[in-house]
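Geometric and topological summary
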Amino acid sequence: MTDPTPGPGFRPRAVLAMSPDVASAVLDGESLARLAAVCDLAPHPALEDLTTPRARTLLAGADLLVTGWGCPPLDADVLRAAPRLRAVVHTAGSVRGHVTDACWERGVEVSSAAAANALPVAEYTLAMILLTGKRVLEAARDYRVSRTRPDWLRTPRSVGNHRRTVGILSASLIGRRVIDLLRPHDVEVLLYDPWVTDDAARELGASRVELPELFRRSDTVSVHTPLLPETRGLVGRELIGSMRPDAVLINTARGAVVDQEALTDAALAGRIRAVLDVTDPEVLPPDHPLWQCGNVLLTPHLAGSQGNEWRRLADLALGEIERWARGDGFLHPVRRERLAFLA
């Protein structure tokens, strides 16, 4: 007798594979009830170790894994323990940390909430582009010290967001959302992405340029490229040195994409400013000079989904599960051939 397939009346056996703390944060009571309405959901706690006797028992009957931050790698050994497994739905963005080649070789379908997680990162980026263009952070710091209102008529013409040039490094999910959010603003958007044509860039709302031109022309450069062997250290000393004086580098991608030593030298010299939501390593050593650098804003990897934004992740993942269970397939599939281009 063959196992039932997704379609009308199909109720997959679902197992949560993530840190139990993540499960409690991302999947609230309403989300769990919605999941239980379409799945036979394994009892709590969620699995963060897939080698225990309890994990092996649950995996043996699982049709679906609902994963999240803290999910261990789904390697060949795990898949041997899960002979019924058909799909993985990730309640966060990147699946690089847990979806292995063994999943693709077994034909396991994969979906991710990366599209939902892209929005808060893009919103953070837009906010930082506008705040740094207006020099709000510096003005607030000076105001706190002086307690006097500055003479606005002496504001340099380099301050403000009128006709600033914003360079986007990579038309990733997040990079595309940033370009879209910039549409209502009076800025010129440049894009570097070797996989995007001139026409495709124009459709997005940007002008495609080569990487050196992006850094040379932009008032703000925002990094959205995934960390791959070929992108490690991509933003190096030469590119950073070519940036306009007082230009801003924003990084919400991965710290190792940027040559941090070169960035530190340029920031300490007062040549450029930076907004870093990611560093290499995370967290920087306590004595690292960027902590005390007035030209740099460091934030603790908070651009992605947090707080009430977790509900957006859960809703997307649950929608995917509902579609898949009734046989309609995923709206947000992760394809093996596209994995190299994803964060």
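Just so it is clear, the model here is predicted, and its values are computed rather than measured. All chains use their own residue numbering, which begins from 1 and follows the written sequence. With the structure being a predicted model, the display of local features is reserved for residues of pLDDT at least 70 and the display and counting of side-chain atom pairs for 80 or more, all residues being used for whole-chain, interface and lining totals. To get the side-chain values, all heavy atoms of the structure are used, and hydrogens and water are removed first.

1. What to know about the nonpolar core
- By size, the foremost hydrophobic cluster in this structure holds 29 residues, and its most contacted members are Leu 169, Leu 214, Phe 215, Val 235, Ile 240, Leu 249 and Leu 263.
- Of all the secondary structure elements, the ones that give two or more residues to this core are strand 7 (187-192), helix 10 (211-217), strand 9 (220-223), helix 11 (237-241), helix 12 (260-268) and strand 11 (273-276).
- Beyond its immediate sequence surroundings of up to four residues, Val 235 is in contact with Leu 169, Phe 215, Val 223, Ile 240, Leu 249, Val 257, Val 258 and Asp 259.
- What makes a nonpolar core is a set of buried Ala, Val, Leu, Ile, Met, Phe, Trp, Tyr and Cys residues whose side-chain atoms join them at distances within 4.5 Å. For each residue, the accessible area found with a 1.4 Å probe, counting protein chains only, is set against the maximum for its type, and the residue is called buried under 20%, exposed over 50%, and partly exposed in between. In this structure, Val 15, Leu 59, Leu 74 and Ala 102 belong to the second largest nonpolar core, which totals 27 residues. We count a stretch as a helix when DSSP gives it H or I for four or more residues in a row; a strand needs E for two or more, and each element gets its number in order from the N terminus. The contact definition used throughout considers only heavy atoms, calling two residues in contact when any of these lie within 4.5 Å.

2. Observations regarding the layout of surface pockets
- There is about 530 Å³ of room inside the second largest pocket.
- Whether a set of points on the 1 Å grid over the protein atoms alone is a cavity depends on a 1.4 Å probe fitting there but being unable to get out, while an open set qualifies as a pocket with protein on both sides within 12 Å along at least five of seven lines; lining residues are those with an atom within 4 Å of a point. Along the wall of the second largest pocket there are 19 residues; nearest its centre are Ala 139, Pro 150, Trp 152, Thr 155 and Val 159.
- For the lining of the second largest pocket, a count of residues per class yields seven nonpolar, five polar and seven charged. Grid points are joined across faces, edges and corners, and a volume is the space filled by probe spheres set on the points. Put simply, Ala, Val, Leu, Ile, Met, Phe, Trp, Tyr, Cys and Pro go in the nonpolar bin, Asp, Glu, Lys and Arg in the charged bin, and everything else, Gly too, in the polar bin.

3. Concerning empty space enclosed by the protein
- Counting across every chain of the model gives two cavities of 30 Å³ or more.
- Grouping the amino acids of the lining of the largest cavity by side-chain chemistry returns four nonpolar, four polar and no charged.
- In this model, the second largest cavity occupies a volume close to 30 Å³.
- Around the second largest cavity sit Val 15, Leu 16, Ala 42, Pro 43, His 44, Pro 45, Ala 46 and Arg 54, which together line it.
- Tallied by class, the residues present in the lining of the second largest cavity amount to six nonpolar, one polar and one charged.

4. Quick notes on the sheet that holds strand 1 (residues 13-17)
- Strand pairing is assigned whenever DSSP identifies at least 2 bridges connecting the two strands. Taken in spatial order, the five strands make up an open sheet running 2-1-3-4-5, and their pairing is parallel. The outermost strands of the open sheet, each flanked by one partner alone, are strand 2 (40-41) and strand 5 (109-112).

5. A short note on the UniProt feature "domain: D-isomer specific 2-hydroxyacid dehydrogenase catalytic" (unreviewed entry) in the protein
- UniProt positions are given in the numbering used here, feature names are shortened, and annotations may be inferred rather than shown by experiment. In this structure's numbering, the residues bearing the UniProt feature "domain: D-isomer specific 2-hydroxyacid dehydrogenase catalytic" (unreviewed entry) are residues 57-327.
- Annotation note: span residues 57-327, helix share 37%, strand share 15%, distance between end C-alpha atoms 26 Å.

6. Regarding the pattern of salt bridges
- By convention in these notes, a salt bridge is any Lys or Arg side-chain nitrogen within 4 Å of a carboxyl oxygen on Asp or Glu. Tallied over the entire structure, the rule returns 27 salt bridges.
- A salt bridge links Arg 208 to Asp 198; the shortest N-O distance between them is 2.7 Å. With Arg 208 in strand 8 (residues 207-208) and Asp 198 in helix 9 (residues 198-204), the pair connects residues that are 10 residues apart, well separated along the chain.
- Relative accessible area serves as the criterion here: at 38%, Asp 198 is assigned to the partly exposed category.

7. Considerations on helix 6 (residues 114-133)
- Every helix has an expected span of 1.5 Å times one less than the residues it contains. Helix length check: helix 6, at 20 residues, gives a terminal C-alpha distance of 28 Å against a target of 28 Å (1.5 Å per residue), a fit within 8%.
- Among the 20 residues in helix 6, 14 count as buried, and that is most of the element.
- Phi for Arg 135, located one or two positions after helix 6, is positive at around 55°.

8. Observations regarding a nonpolar patch on the surface
- Patch rule: a residue counts if its relative accessible area is over 30% and it has no salt bridge; like charges are joined within 9 Å, and nonpolar side chains (Val, Leu, Ile, Met, Phe, Trp, Tyr) within 5 Å. Surface exposure here means Shrake-Rupley accessible area, sampled with a 1.4 Å probe, where a residue is shielded only by the protein chains that are shown. On the surface, Leu 131, Val 136 and Leu 137 cluster together into a nonpolar patch covering about 190 Å² of accessible area.
- Here Leu 137 lies in helix 7 (residues 136-146).

9. Details of the sheet that holds strand 9
- An order of 8-7-6-9-10-11-12 is seen for the seven strands of this open sheet, with the pairing classed as parallel. The sheet is open, and its two borders are formed by strand 8 and strand 12 (296-298), each paired with just one other strand.
- Inspection of the sheet shows strand 6 (residues 164-169) paired to strand 7 by six bridges, in the parallel sense. Its bridge partner being in strand 7, Ile 168 is matched across the sheet by Leu 191.

10. Thoughts on the environment of Thr 125
- Within the secondary structure, Thr 125 is located in helix 6.
- Note: C-alpha distance between Thr 125 and Asp 28 (97 residues apart in sequence) is 28 Å.
- Residue contacts for Thr 125: discarding those within four places in its chain leaves Val 178, Ser 222, His 224, Ile 250 and Thr 252.
- Polar contact criterion, stated in full: a pair of N or O atoms within 3.5 Å, where within protein one must be able to donate a hydrogen and the other to accept it, and residues adjacent in sequence count only if both atoms are side-chain atoms. A polar atom in the side chain of Thr 125 sits 2.8 Å from the backbone oxygen of Val 121.

11. Section: the side chain of Thr 165
- Structurally, the position occupied by Thr 165 is in strand 6.
- In contact with Thr 165, not counting residues within four places along its chain, are Glu 188, Leu 190, Arg 217, Ser 218, Asp 219 and Thr 220.

12. Side note on unusual backbone geometry
- Omega for the peptide link from His 44 to Pro 45 comes to 0°, which places this bond in the cis form.
- Looking at the secondary structure, you find Pro 45 in the loop between strand 2 and helix 3 (53-60).
- At the junction of Glu 282 and Val 283, the peptide bond is cis and its omega measures out at 10° in the coordinates.
- On the secondary structure map, Val 283 appears in the loop between strand 11 and strand 12.

13. Some details on the pairing of strand 11
- Burial along strand 11 is two-sided: Arg 273 and Val 275 facing one way and Ala 274 and Leu 276 facing the other are all buried.
- The sheet contact formed by strand 10 (residues 248-251) and strand 11 spans four bridges and is parallel. Each residue of the ladder has a partner; that of Asn 251, found in strand 11, is Leu 276.
- The β-α-β motif built from strand 10, the intervening helix 12 and the parallel element strand 11 has right-handed crossover chirality. Here a crossover is taken to be right-handed if, once the strands point away from the viewer, the path from the first strand over the helix to the second is traced clockwise.

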